[in-house]
Amino acid sequence: ATLSLVISKKGEQDIPGLTDDSRPRRLGPKRASNIRKLFNLEKKDDVRNFVVRRELSEKKKKAPKIQRLVTPAMLQRKRYF
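Residues numbered from 1 in each chain as written. Predicted model: local features only at pLDDT ≥ 70, side-chain atom pairs only at ≥ 80, totals over all residues. Heavy atoms only, no water.

## Quick look at a nonpolar patch on the surface
Step number 1: Taken together, Leu38, Phe39, Phe50 and Val52 make up a surface patch of nonpolar side chains, about 310 Å² in accessible area.
Step number 2: On the secondary structure map, Val52 appears in the loop between helix 1 (32–39) and strand 1 (54–55). (Patch = residues over 30% accessible without salt bridge, like charges linked within 9 Å, V, L, I, M, F, W, Y side chains within 5 Å. Areas by Shrake-Rupley, 256 points an atom, 1.4 Å probe, with all protein chains shown as cover. Salt bridge = Lys/Arg side-chain N within 4 Å of Asp/Glu carboxyl O. Helix = DSSP H or I, 4+ residues; strand = E, 2+ residues; numbered from the N terminus.)

In structure tokens:
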């Protein structure tokens, strides 16, 4: 059997393993405008430097492919078609 619980109000003491530690969000935003919103960036700032990367091992890191990123190649396709 499984239980689906939602903590609505925090009590006086912490519940061990549940409310005593805070975990960061595992994944960051993938869309360019949402990355800009998260880090308060301007339009001219390079979004690729601010992508939230996830560590796989000590040597490897993983980052999402940024969606809606304005690149020179994308602008060239827009002019051509």
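## A look at the packing of aromatic side chains
Aromatic rings in a pair are described by how distant their centres are and how their planes are angled relative to each other.
Step number 1: Under the defined criterion, the tally for this structure stands at one aromatic pair.
Step number 2: Between Phe39 and Phe50, the aromatic rings sit 5.6 Å apart at their centres with planes inclined by 40°, giving tilted as the arrangement. In this pair, Phe39 is assigned in helix 1 and Phe50 in the loop between helix 1 and strand 1, connecting sequence segments eleven residues apart. (Phe/Tyr/Trp six-rings, centres within 6.5 Å; stacked < 30°, edge-to-face > 60°.)

## With respect to the environment of Ser8
Step number 1: Mapped onto the fold, Ser8 is located in the segment before helix 1.
Step number 2: The exposed category is assigned to Ser8, whose relative accessible area is 77%.
Step number 3: Through-space distance from the C-alpha of Ser8 to that of Lys61 is 36 Å; in sequence the pair is 53 residues apart. (Buried < 20%, exposed > 50% of the residue type's maximum accessible area, 1.4 Å probe, protein only.)

## Describing unusual backbone geometry
If a residue is not glycine, its phi is most likely negative; likewise, a peptide bond is most likely trans.
Step number 1: Despite not being glycine, Asn40 shows a phi value in the positive range, around 50°.
Step number 2: Tracing the backbone through its elements, the reader meets Asn40 in the loop between helix 1 and strand 1.
Step number 3: Under the relative-accessibility criterion, Asn40 is labelled exposed at 69%.

## Some thoughts on the pattern of salt bridges
Step number 1: All told, the structure shown has two salt bridges when counted by the stated rule.
Step number 2: We note a salt bridge from Lys44 to Glu42, for which the minimum N-O separation is 3.7 Å.
Step number 3: The exposure class assigned to Glu42 is partly exposed, which follows from its relative accessible area of 48%.
Step number 4: Residue Asp46 pairs with Arg48 through a salt bridge whose shortest N-O separation is 3.2 Å.
Step number 5: We classify Asp46 as partly exposed; its relative accessible area is 30%.

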